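Overview (structure and organization)
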Amino acid sequence: RPEKKPEVDRIVFALDWTPNTNHTGLFLARDRGYYALEGIEVEFRESDMDFIEMVAGGSAQFGMAAQEQVLQARASTAGIPVVAIAAIVQHNTSGFASPLGRGIESPEDFEGNTYSGWGTELELAFLRTLMEKQGADFDQVSIINQSAGNFIASMEIEADFAWIYYGWDGINCELEDYPINFILLQSIEPDLDFYSPVIITSERVIEENPDLIRRFLKATARGYLDAITDPQGAVDSLEKVAGGLDRQLLLASQLYLNGRYIDDAPYWGAMRSETWIRFAAWMQERDLLDQPIDVGAAFDTSFLPGEEGP
Amino acid sequence: MRLFSTDKRMNPTNAGGRFALRVLPPLLLVVILIAALQLLADTGVIRHYVLPAPGEVARSLVQDFAVMGNYALCTLRIALPGFLLSALTGTAFALLMDRFILLSHTAYPFIVISQTIPTLVITPVIVLIFGYGDMASLIVVILVCFFPVTINLLQGLRSVDDDLLQMMHTMGASRAAILRHLKFPASLPSFFAGIRISSTYCVMAAVLAEWAGGGEGIGIYMLRMKRSFRYSAMFASILWIIALSLIFYAVALFAERFSMPWRERPAGQTDRRSLS
Amino acid sequence: MRLFSTDKRMNPTNAGGRFALRVLPPLLLVVILIAALQLLADTGVIRHYVLPAPGEVARSLVQDFAVMGNYALCTLRIALPGFLLSALTGTAFALLMDRFILLSHTAYPFIVISQTIPTLVITPVIVLIFGYGDMASLIVVILVCFFPVTINLLQGLRSVDDDLLQMMHTMGASRAAILRHLKFPASLPSFFAGIRISSTYCVMAAVLAEWAGGGEGIGIYMLRMKRSFRYSAMFASILWIIALSLIFYAVALFAERFSMPWRERPAGQTDRRSLS
Amino acid sequence: MTARTIVLSCENMQKYYGQQLILYDINLELSQGELVSILGQSGTGKTTLFNVLTGMDQDASGTVFRGSRIGYMLQKDMLLPWKRLIDNVALPFVLAGESKKTARGKAESYLSVFGLQGLAYRYPSQLSGGQRRRAAFLRTYLYSRNLMLLDEPFTGLDAITRGQLYEWLLEHKEKLGISILLITHDIEEAIALSDRIYVLSQGPPSTLWPPLQVKTNSGADEKPDPAKWREQTENLREEIRRRIFTVI
Amino acid sequence: MTARTIVLSCENMQKYYGQQLILYDINLELSQGELVSILGQSGTGKTTLFNVLTGMDQDASGTVFRGSRIGYMLQKDMLLPWKRLIDNVALPFVLAGESKKTARGKAESYLSVFGLQGLAYRYPSQLSGGQRRRAAFLRTYLYSRNLMLLDEPFTGLDAITRGQLYEWLLEHKEKLGISILLITHDIEEAIALSDRIYVLSQGPPSTLWPPLQVKTNSGADEKPDPAKWREQTENLREEIRRRIFTVI
Ligand SMILES: Nc1ncnc2c1ncn2[C@@H]1O[C@H](COP(=O)(O)OP(=O)(O)OP(=O)(O)O)[C@@H](O)[C@H]1O
Ligand SMILES: Nc1ncnc2c1ncn2[C@@H]1O[C@H](COP(=O)(O)OP(=O)(O)OP(=O)(O)O)[C@@H](O)[C@H]1O
Ligand SMILES: [Mg+2]
Ligand SMILES: [Mg+2]
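A short tour of the structure in this document, coming up.

**Considerations on the overall build of chain A**
From N to C terminus, chain A includes 13 helices and ten strands. The C-alpha radius of gyration of chain A comes to 20 Å, within 12% of the 19 Å expected for a compact globule of 310 residues. Overall, chain A is about 65 × 45 × 35 Å in size when its C-alpha atoms are taken along their principal axes. Taken over 310 residues, chain A has a buried fraction of 62%. Restricting the contact set of chain A to residue pairs at least 6 apart, pairs at least 24 apart contribute 80%. Working note: accessible area of chain A is about 11,400 Å², and carbon and sulfur atoms make up 45% of it.

**Structural notes on the site of ligand 1**
Lining the immediate surroundings of ligand 1 are 20 residues, of which D:Thr47, D:Thr48, E:Arg122, E:Ser128 and E:Gly130 lie closest. Taken together, the residues near ligand 1 originate from chains C, D and E. Between ligand 1 and D:Thr47 there is a distance of 2.6 Å, counted from an oxygen atom to a side-chain nitrogen or oxygen. One nitrogen or oxygen atom from the side chain of E:Gln131 is found 2.7 Å from an oxygen atom belonging to ligand 1. If ligand 1 stood free it would expose 640 Å²; the protein chains cover 93% of that surface. Where the shell around ligand 1 is concerned, the elements lending two or more residues are α1 (46–54) of chain D together with α5 (129–143) of chain E. A breakdown of the residues in the shell around ligand 1 according to their chemical character gives four nonpolar, 13 polar and three charged.

**Examining the coordination of the magnesium ion (ligand 3)**
Residues and elements named next belong to chain D. Taken together, Thr-47 (OG1) and Gln-75 (OE1) make up the protein donors of the magnesium ion (ligand 3), found 1.9 to 2.2 Å from the metal. Of this pair, Thr-47 sits in helix α1 while Gln-75 is found in the loop between β5 (70–73) and α2 (85–89), placing the two residues 28 residues apart along the sequence. In this structure Thr-47 comes out as partly exposed when scored by relative accessible area, which is 24%.

**Considerations on the site of ligand 2**
D:Arg122, D:Ser128, D:Gly130, E:Thr47 and E:Thr48 are the nearest of the 20 residues found near ligand 2. Ligand 2 sits at a junction of chains, with neighbouring residues supplied by chains B, D and E. Between a nitrogen atom of ligand 2 and a main-chain N or O atom of D:Gln126, the distance comes to 3.1 Å. Computed on the free molecule, ligand 2 has an accessible area of 640 Å², of which 93% lies beneath the protein chains in the complex. Contributions of two or more residues to the shell around ligand 2 are made by α5 (129–143) of chain D together with α1 (46–54) of chain E. Of the residues that constitute the shell around ligand 2, the class distribution is four nonpolar, 13 polar and three charged.

**Some points on the packing of helix α6 (residues 134–158) of chain C against helix α9 (residues 188–214) of chain C**
All names here are of chain C. Two elements in contact, α6 and α9, have axes separated by 8 Å at closest approach and are oriented at 160°. Relative to α9, the element α6 is oriented roughly antiparallel. For the pair α6 and α9, the sense of crossing is right-handed. Considered class by class, the residues forming the contact of α6 with α9 number 16 nonpolar, eight polar and one charged.

**Section: the interface of chain C and chain B**
The interface of chain C with chain B comprises 63 residues on the first partner and 62 residues on the second. Both sides of the chain C and chain B interface together cover about 5,800 Å² of buried area, and 71% of this is carbon and sulfur. Inspection of the region where chain C meets chain B yields zero salt bridges. For the side of chain C that touches chain B, the secondary-structure elements that each account for two or more residues are α1 (12–42), α4 (101–116), α5 (119–130), α6, α7 (162–170), α9 and α11 (231–259) of chain C.

**Observations concerning a nonpolar patch on the surface**
Together, B:Phe19, B:Val23, B:Leu24 and B:Leu27 give the surface a local cluster of nonpolar side chains, amounting to about 390 Å² of exposed area. With respect to the helices and strands, B:Phe19 occurs in helix α1 (residues 12–42).

**A word on the packing of aromatic side chains**
Under the criterion given, the structure shown has 63 aromatic pairs over all chains. Between A:Trp163 and A:Tyr165, the aromatic rings sit 5.8 Å apart at their centres with planes inclined by 45°, giving tilted as the arrangement. The buried category is assigned to A:Trp163, whose relative accessible area is 10%. According to the relative accessible area criterion, A:Tyr165 is partly exposed, its value standing at 28%. On the basis of an interplanar angle of 70° and a centroid distance of 4.8 Å, the ring pair of E:Phe114 and E:Trp168 is categorised as edge-to-face. In this pair, E:Phe114 is assigned in the loop between α4 (100–108) and α5 and E:Trp168 in helix α6 (residues 159–176), connecting sequence segments 54 residues apart. Using a relative accessible area of 1% as the deciding quantity, one classes E:Phe114 as buried. Residue classification places E:Trp168 among the buried residues on the basis of a relative accessible area of 9%. An aromatic cluster is present here, built from B:Phe93, B:Phe146, B:Phe147, B:Tyr201, C:Phe93, C:Phe146, C:Phe147 and C:Tyr201 joined pairwise through their rings.

**Focus on the arrangement of the chains**
If you rank the eight pairs of chains in contact by how many contacts each has, first place goes to chains B and C. Contact between chain A and chain E is absent, and the minimum C-alpha spacing across the pair is 49 Å.

**Regarding helix α10 (residues 218–227) of chain C**
For α10(C), the tally of buried residues reaches ten of ten residues, placing the bulk of the element in the interior. Looking one or two residues beyond α10(C), the residue adopting positive phi is C:Phe229, at roughly 65°.

**Describing the relation of the copies chain C and chain B**
Think of it as a corkscrew move, a rotation about one axis and a shift along it, taking one chain copy to the other. The two copies are related by a screw motion: chain C maps onto chain B through a turn of 180° and a shift of 0.2 Å along the axis, at an RMSD of 0.7 Å. Each copy turns onto its partner about a two-fold axis. Using C-alpha coordinates, one finds that chain C approaches the rotation axis most closely at C:Ser190, a distance of 3.7 Å. Of all interface residues in chain C, 94% are interface residues in chain B too; the two copies therefore contact each other through one and the same surface.

**Quick notes on the sheet that holds strand β8 (residues 196–200) of chain D**
Residue and element names in this part refer to chain D. Overall, mixed pairing links the six strands, which are arranged β5-β6-β7-β3-β8-β9 in an open sheet. Two strands lie at the open edges of the sheet, namely β5 and β9 (212–213), each paired on one side alone. Pairing between β8 and β9: two bridges, direction antiparallel. When the bridges of β9 are listed, Ile-197 appears paired with Leu-212.

**Observations concerning the pairing of strand β3 (residues 35–40) of chain E**
All names here are of chain E. Of all the six residues making up β3, six are buried; the element is thus mostly covered by neighbouring parts of the structure. Burial along β3 is two-sided: the residues Leu-35, Ser-37 and Leu-39 and Val-36, Ile-38 and Gly-40 are all buried. Sheet analysis places β3 next to strand β7 (residues 179–183), joined by four bridges and oriented parallel. Counterpart to Leu-35 in the pairing with β7 is Ile-180. Pairing between β3 and strand β8 (residues 196–200): five bridges, direction parallel. Of the residues in β8, the one forming a bridge with Val-36 is Arg-196.

**Overview of the sheet that holds strand β2 (residues 40–46) of chain A**
Residue and element names in this part refer to chain A. Spatial strand order, β2-β1-β3-β10-β4: five strands in an open sheet with mixed pairing. What marks the edges here is a single partner per strand, and that holds for β2 and β4 (82–87). Ignoring which end each strand starts from, the neighbouring axes of this sheet average 30° apart. Two strands pair when backbone bridges link them, and β4 and strand β10 (residues 198–202) are joined in this way by five bridges, in the antiparallel orientation. Among the inter-strand pairings, Ala-84 is bridged to a residue of β10, identified as Ile-200. Against the sheet, helix α1 (residues 24–31) contacts β1 (9–15), β2, β3 (62–65) and β10, and its axis sits at roughly 140° relative to β2.

**Section: unusual backbone geometry**
Residue A:Ser196 is joined to A:Pro197 through a cis peptide bond whose omega torsion reads 0°. Looking at the element boundaries, A:Pro197 is found in the loop between α8 (185–188) and β10. If you check the backbone angles, B:Phe229 has positive phi at about 60° while not being a glycine. Looking at the secondary structure, you find B:Phe229 in the loop between α10 (218–227) and α11 (231–259). Unlike most non-glycine residues, D:Glu152 shows phi in positive territory, near 50°. Mapped onto the elements of the fold, D:Glu152 is located in the loop between β6 (147–151) and α6 (159–176). D:Glu152 sits in the buried class, given a relative accessible area of 5%.

**Quick notes on a negative patch on the surface**
Side chains of A:Glu108, A:Glu111, A:Asp137 and A:Asp139 sit close together on the surface and give a patch of like negative charge. Mapping A:Asp137 onto the fold places it in the loop between α5 (121–133) and β7 (142–145).

Conventions and cut-offs
Residues numbered from 1 in each chain as written. Chains lettered and ligands numbered in written order. Predicted model: local features only at pLDDT ≥ 70, side-chain atom pairs only at ≥ 80, totals over all residues. Heavy atoms only, no water. Helix = DSSP H or I, 4+ residues; strand = E, 2+ residues; numbered from the N terminus. Rg over C-alpha atoms; globule rule 2.2 N^0.38 Å. Buried < 20%, exposed > 50% of the residue type's maximum accessible area, 1.4 Å probe, protein only. Contact = heavy atoms within 4.5 Å. Areas by Shrake-Rupley, 256 points an atom, 1.4 Å probe, with all protein chains shown as cover. Near = heavy atom within 4 Å. Polar contact = N/O pair within 3.5 Å; in protein donor to acceptor, adjacent residues only side chain to side chain. Nonpolar A, V, L, I, M, F, W, Y, C, P; charged D, E, K, R; others polar. Donors = N, O, S within 2.8 Å, 3.2 Å for Na, K, Ca; no water. Axes fitted to C-alpha atoms, helices over the stretch in contact; angles between N-to-C directions. Parallel < 35°, antiparallel > 145°, perpendicular 65-115°, else oblique. Left-handed = near helix turned anticlockwise from the far one by under 90°. Buried area = accessible area lost by both parts, 1.4 Å probe. Salt bridge = Lys/Arg side-chain N within 4 Å of Asp/Glu carboxyl O. Patch = residues over 30% accessible without salt bridge, like charges linked within 9 Å, V, L, I, M, F, W, Y side chains within 5 Å. Phe/Tyr/Trp six-rings, centres within 6.5 Å; stacked < 30°, edge-to-face > 60°. Least-squares fit on C-alpha atoms with pLDDT ≥ 70 in both. Pairing = 2+ DSSP bridges. Lys, Arg positive; Asp, Glu negative; His and termini not counted. Charge placed at Lys NZ, Arg CZ, Asp CG, Glu CD.

In structure tokens, the structure reads:
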């Protein structure tokens, strides 16, 4: 680069969960020095709570979140100023899963079964939408709050189906030889094809340091492209960040995601307005947003390296 | 030096005065704190997603009163029996461990261990054993709350004055009689120290139980609010949790006062500070 | 009835015997429990994703010893100073509240309130205010652990024998002297009951802090293992948490023993039970 | 001499505290209906001896025989702070399984003899030192009217209250045949009350001197010649003093 | 009569427990170098009076004058269970700011006078009743050598130990001009030790009789004629008994 920065930008990245294959591009980019090349030094922080607030408040410059969280955060009366700047995976990979033996093949079959929930309104809205679409009665489902620590255990001790991300829990079921029925959300209701997860930043960073975002995304995109071509290397990086994870699971999950990072999009990170608007409309309809919002302000793809690549 | 006779118990303003002394200062502090928070929120120093403005919280509290009240009732339905059972379990453990040395040696480490495992980890095992439902939630509450009672009561039982014990033995008192007439009254202060701690924890424990996979109560409601970024409603539900907890605490305090009449300071000896 | 002289302190097998009595029963129970779990796992009654087989947990414990040890050390770096600071804070609060009635009336409700808010709720707020890092974690640990110390010590300070207090006053003892020579030693048993409870909680509190974003330690590792379905490693890290907690507890117990030499039962009066 | 029933005896008893021998070769007998005093310098081991005799302290060697249950009044008053005076006094009845109400009823009538009338519903912390001691004494008496071991029961009482209790005690002893072993520091009291007097020698270790006979067992009712009695008493007094002071 | 310095006085003092009047119209004086005893039936209010005089109990009416700091030996021994005997005894020095070591050193030399030699490193629970009382006495003495209020200091001690302490006390009183107010139940003791004797009447409410003079202030060294002394003593004894027994 011609204008050499005298000092590096130290930034914090707030992970949305335990390090997993959604994050591998970030870790690869750091390992392979792509961030360093851009004059950035990244520190990853993991927790599953308040990562959005951390980004909004400036404790972290970037973070990861789900699309619905970005929308809800912006629609809240607190008006949390976070903006999605890149999609990790192009299509929703989540859906309702159940052990094969329960015979839950379509949303109609939810009736009379027990749903193991996470205690969010969103999943119940998913459930209701899918069932209404098929003319099933939502009230026939008994809903519990999951107590078991994982999907399979929950199925074994307390419930019949749950909402999972296939790329993680679904893959684990494959590895455990635990056959499941899986109903992908958008296979029933196309509106539910949302971006999950996305990389977020705050309006303040966009205002004050757009260049940082550009450089950050450039390096990050390189990382994810590397992950696609080098799944082994991606998993290596992930293991370096979070020792002790099950390599077999990581690899299988990584292979599952590899084809889905870019998928039908023109380039990595791309987000279509239509997806945002449709999903936001659905949320609005289901009363999941406190107030109407300007969906266009919730995401910004202008910082992505784009078509010409990083 | 001149001494004046003041029969303090005859002074009618005194009870009211003491009450004012107990209630006014914290109330005043609360008011000041709320005002300060409102100011900080209004001037934008504290963002709403860190701490919402008290005014908004109040509005939410009023608006959603019925809804939250219902959820709170659900939590109470676990917290109250859970607390009572904890007091019972804690007492039983302490008594058994005081009575049977071997049991004490055997059980003690497990009791301590039961406290060192985060609730979120232990809940699945409880559900596995007892099945999903209120029973599991109750057990979570008990698991959290029995421990302070056990430790404190056991300490109390074991610090009973040796000479009094000796006296009871000389009168041929049975173990049960020694317990009833000596050990239990002697350890009431310790017992109540444990009860105070447990009463403080029990609503929180019921909330934990909800989170870890139990019925729907104010804890679940709170989490839902938090997850959908409705901070004022979330803080309003925290206020509910606090209020419920304080009720438990106040009742415990009240029970403590009334169960030890002999500890009332004898009249005329309330003030021990020597004059100049 | 014939009495035999047995100077128990001279009996060399006794110390060993007492140790065996303390350690063997729980150990035995552990062994039985482990064997039972292994059996349940081997026969397929309990599947590994519900509860892993002890054998696997043991293997994971051995294999990942160094890794887990490192993470545990990180947790310890928070838990230890956190615990010590809690003991200090708790003691300071109790002393101040014993000394200043008005402060006590003002602060007490807030101290109780601080305990009624679930840690999982308050921790993120603390992390939001203090940012990611050790400071926030320390504060979380202190918040969890100071309370039992405060409540118990305060109870101890307030139940000091009135007559002894009177005696100290007659000797013109200053407040500080009364505290040092009378109130503090008298409330040591209560103090240590609080310390026992806190020492049990402190590692768990550090783990909770980690979960909320307070740093990487054995708690984060455990969560990772849980989320990547490595149940045996997850339980191995729980064992680490338990072990750390037990060490804290044991040290507290040890300190308790050594800080009250006057409570040693006088020789020859160890057994008070009357013969038939 | 009439045939005596031994109600309490101790043979060749020895007691250590740690390495230190406190009592050695203690031999003692108490017969039915007898009042025997034990005197000895402070710290010689009187209380310790009582602890062994009552079985409270079992870390001693030797043989102890107890013919009946023992009411033991400890040196400290040992009232339960959470019980009102009446309930403290009625404790033996409650421990024997009676209801609180009947127990109180039974105990109540004794209060005035012990000068405790009007104090029934006070807590121990609201009593004077002497009132507490009397309550403890009464409680002991109500526990066992056959055999009492009293550790300084009259200490801390004024001459008049003492006198009343002496009278009451001697009267009841005659009437009911109570056996009493009594620790006291008051030589006059010992002489006035006792049938026999043991003196514990200065120690450590301490041992019992052979008992001194005060009253002749036969014809207790006949008053001895006053002059002779006075001389005898004076001798006794001197002998007790000498014994207390002597290291064996 | 020489000019007397009053070190402690009480005028028109009145004390209620709740609604009950315990002490009324109490007037009392103690002069420099004087030993004054207070006698009275158990439960009349002697300890209560001391509590008011020392300022422990401030819920009373009347006027109290204290000319010096007061060493107050309470009726119960009140040793701190967690301190060894020597540290209990040395507490006044420690409270005065001296190091533990110097305090122990200063206290140590007194132990043998009080018959506590060899017991310095025992905890109170390892002492006999009399040993604890003597330790409490010594502690009080070490706190204030000018003015002591002693609530039954010799209770629970044998005649010989008592005698030693009497002798020591009188000697030191002469030498140092200590003023002492003493509660006792032992009339002989009161007569043997006191300059004057107050008797608290039977109550409630109780009040003080005017003091009885025992020793004449002038020419304390001259021994009075034995026969006259015996007669005088006998009268005194009778008078005290009468006063104790009388309800004013
Ligand atoms: N627990 C103990 N450990 C060691 N020594 C003890 C213990 N208890 C008592 N002693 C010692 O044993 C001796 C006898 O004590 P004991 O209480 O029997 O005396 P006593 O004759 O009743 O004296 P007093 O008339 O003062 O009550 C004392 O010298 C005392 O110091
Ligand atoms: N806290 C109290 N409340 C009510 N009455 C009390 C209280 N303390 C003492 N009394 C009563 O006051 C009276 C005087 O008590 P005090 O202890 O002064 O007696 P005393 O003369 O010292 O007796 P003793 O010789 O037995 O020690 C007693 O009758 C007692 O019952
Ligand atoms: Mg004794
Ligand atoms: Mg008294």
